[in-house]
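A look at the structure
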Amino acid sequence: MEIIDPHLHLWQLSAGDYHWLRTGNAPVWPDKALLQGDFSAADLQLAPPFRLAGLVHIEAGFDNQVPARELAWLAQQKVAIAHRAVAFLDCSLPLAQVLANLQTLLPYQPAGVRHIFEGDDERWLHAPQLLQVARELARHNLLLEVQCTLASAKNVARIVQLAEAFPDLKLVLNHAGLVTPDNFSLWQTGIRQLAPLANVAMKLSGWELLNAGRYSMAESAWQQQVFAAVLREWPAKRLMLASNFPLCLWQGSYQQLWQGYHQLLENLGLSKTGWQQLSAGTARAWYGFPGG
């Protein structure tokens, strides 16, 4: 069973800044200590029937002032498996600086960029200059990772606006649109509005963020509720399973995460073809892996 994991983080604490991983800095999680070590592609351990065929490294705050440094660091790691990268792009800077920073990323051929709008979405997701940034991303065939709540009608309307204004721009929603049990109904409304947009995809991940503590249990019933809702509304070719490694280790091993996904989707009656689309096919196509 082939897996291309489209959302994970590799880091080397001695090489970068990683301000967010330091004790006392936001985000405040019950068990940040589990993350305060180095994580490489060698730590992505899978046993049969699973086989890791590719990965997408998502920026992890290596150096938010000079984001190209993270791509340079990744290139030096000589990751043996097929891989792509998503770089940090601070969309809150003056437009000229955002576009200048974007130019420094291009020689490394990233798949796309991310600015975590979550928490600051009212300012940066809705900032007028994001339209100009989106135009440049589309021009360079770079996707935009969108991390914000889909329980906000205003956020959903903005994503619709971006998708319709720039049909060549790929928008990838992080962590299932930050759905929670408390916002599930509003989130459902949001995903229905986004369902017709062919250039918007969603990564199903981030479940551990509800608890953020070591040995917290994966809530399979909750995940199944979310998966069932998404699969009713969206085509499989725009959905992908992802790990959010190493944060997923709060709830068990990398192997256990993928075993859990497979069991859950088997429970929902997803075919083997459907499973391979979610576990590898969509990520291969959207992130530009060979054969995509």
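Structure's up top.
Every chain begins its residue count from 1, and numbering advances along the sequence as written. Restriction of local features to residues with pLDDT of at least 70 applies here, the model being predicted, together with a cutoff of 80 or more for giving and counting side-chain atom pairs; totals for whole chains, interfaces and linings are based on all residues. Side-chain numbers come from the whole structure's heavy atoms, not from hydrogens or water.

Some remarks on the overall build of the protein
- Per the secondary structure count, the protein includes nine helices and eight strands.
- The C-alpha atoms of the protein give a radius of gyration of 18 Å, which matches the 19 Å a tight globule of 292 residues would have.
- With the principal axes as the frame, the protein shows a C-alpha extent of 50 × 45 × 40 Å.
- For every residue, the accessible area (1.4 Å probe, protein chains only) is compared with the maximum for its type, and the residue is labelled buried under 20%, exposed over 50%, or partly exposed between those bounds. Looking at the protein as a whole, 54% of its 292 residues qualify as buried. Put simply, DSSP H or I for four residues or longer makes a helix, DSSP E for two residues or longer makes a strand, and each gets a number counted from the N terminus. The globule rule is 2.2 Å times the number of residues to the power 0.38, and the radius of gyration it is compared with is taken over C-alpha atoms.

Side note on the nonpolar core
- Residues enter a nonpolar core if they are buried and are Ala, Val, Leu, Ile, Met, Phe, Trp, Tyr or Cys, with the set joined through side-chain atoms within 4.5 Å. Met202 and Trp234 are the most contacted members of the largest nonpolar core, which totals 83 residues.
- Examining the composition of this core, we find that six residues originate from one element, helix α8 (residues 254-267), more than from any other.
- Residues Ile4, Ala111, Leu143 and Met240 belong to the second largest nonpolar core, which totals 15 residues.

As for empty space enclosed by the protein
- Cavities and pockets are found on a 1 Å grid laid over the protein atoms alone: a cavity is a set of points where a 1.4 Å probe fits but cannot escape, a pocket is an open set with protein on both sides within 12 Å along at least five of seven lines, and a lining residue has an atom within 4 Å of such a point. Grid points are joined across faces, edges and corners, and a volume is the space filled by probe spheres set on the points. A full pass over the atoms with the stated rule returns one cavity of 30 Å³ or more.
- In this structure, the largest cavity occupies an estimated 40 Å³ of space.
- If you go around the largest cavity, the residues you meet are Trp207, Leu210, Asn211, Met217, Ala218, Glu219, Trp222, Gln223 and Gln251.
- Within the lining of the largest cavity, the residues separate by chemical class into five nonpolar, three polar and one charged. Polar here means any residue other than Ala, Val, Leu, Ile, Met, Phe, Trp, Tyr, Cys and Pro, which are nonpolar, and Asp, Glu, Lys and Arg, which are charged; Gly is therefore polar.

What to know about unusual backbone geometry
- Residue Pro27 is reached from Ala26 by a cis peptide bond, and omega for that bond is 0°.
- Position of Pro27 relative to the elements: it lies in the loop between β1 (2-8) and β2 (51-58).
- Note the cis peptide between Phe245 and Pro246, where omega equals 0°.
- Counting through the fold element by element, Pro246 comes out in the loop between β8 (239-241) and α8.
- Within the chain, Gln109 stands out as a residue other than glycine whose phi angle is a positive 55°.
- Within the secondary structure layout, Gln109 lies in the loop between α2 (95-105) and β4 (112-115).
- One non-glycine residue, Ala176, lies in the positive phi region at around 55°.
- Tracing the chain through its elements places Ala176 in the loop between β6 (171-173) and α6 (184-194).
- On the basis of relative accessible area, Ala176 is assigned to the buried category, the value being 0%.

A word on the layout of surface pockets
- Its volume calculated, the largest pocket comes out at about 1100 Å³.
- Taken together, 36 residues line the largest pocket, and the ones lying closest to its centre are Trp20, Pro27, Ile116, Glu118 and Gln147.
- Here the lining of the largest pocket is composed, by residue class, of 16 nonpolar, 14 polar and six charged.
- Empty space within the second largest pocket amounts to approximately 340 Å³.
- Along the walls of the second largest pocket sit 18 residues, with Ala218, Gln223, Gln256, Leu257 and Gly260 positioned nearest its centre.
- Elements represented by at least two residues in the lining of the second largest pocket include exactly α7 (220-233) and α8.
- No other element matches the seven residues that α8 contributes to the lining of the second largest pocket.

Describing the pattern of salt bridges
- A pair is scored as a salt bridge if a Lys or Arg side-chain nitrogen falls within 4 Å of a carboxyl oxygen belonging to Asp or Glu. A full pass over the atoms with the stated rule returns nine salt bridges.
- For the salt bridge of Asp120 with Arg123, the shortest nitrogen-to-oxygen distance reads 3.0 Å.
- Classification of Arg123 by relative accessible area gives partly exposed; the value is 49%.
- Of the charged contacts in the structure, one is a salt bridge between Glu233 and Arg192, with a shortest N-O distance of 3.1 Å. Of this pair, Glu233 sits in helix α7 while Arg192 sits in helix α6, placing them 41 residues apart in sequence.
- Assessed through its relative accessible area of 42%, Arg192 is described here as partly exposed.
- Because the salt bridges share partners, they merge into one network encompassing Glu2, Arg51 and Arg284.

Details of the packing of aromatic side chains
- In this analysis, rings of Phe, Tyr and Trp, with Trp reduced to its six-membered ring, are considered paired at centre separations within 6.5 Å, and the interplanar angle assigns stacked below 30 degrees, edge-to-face beyond 60, and tilted for intermediate values. Scanning the model with the defined rule gives 16 aromatic pairs in all.
- Here the aromatic rings of Phe245 and Tyr254 are separated by 5.7 Å at their centres, their planes lie at 80°, and the arrangement is edge-to-face.
- Residue Phe245 is classed as buried on the basis of its relative accessible area of 1%.
- Tyr254 gets classed as buried once you look at its relative accessible area, which sits at 3%.
- Where Trp258 meets Tyr261, the ring centres are 5.3 Å apart and the plane angle is 80°; that geometry is what we call edge-to-face. Of this pair, Trp258 and Tyr261 are both found in helix α8, three residues apart, which corresponds to roughly one turn of the helix. Like Tyr261, Trp258 is buried.
- Lysine and arginine charges are scored as sitting over a ring when NZ or CZ, respectively, is within 6 Å of the ring centre and within 35 degrees of the ring normal. One Lys or Arg, Lys170, reaches over the ring of Trp286 and ends 5.8 Å from the middle of that ring.
- One residue, Arg238, lies across the ring of Trp234, its end atom 4.5 Å from the ring centre.

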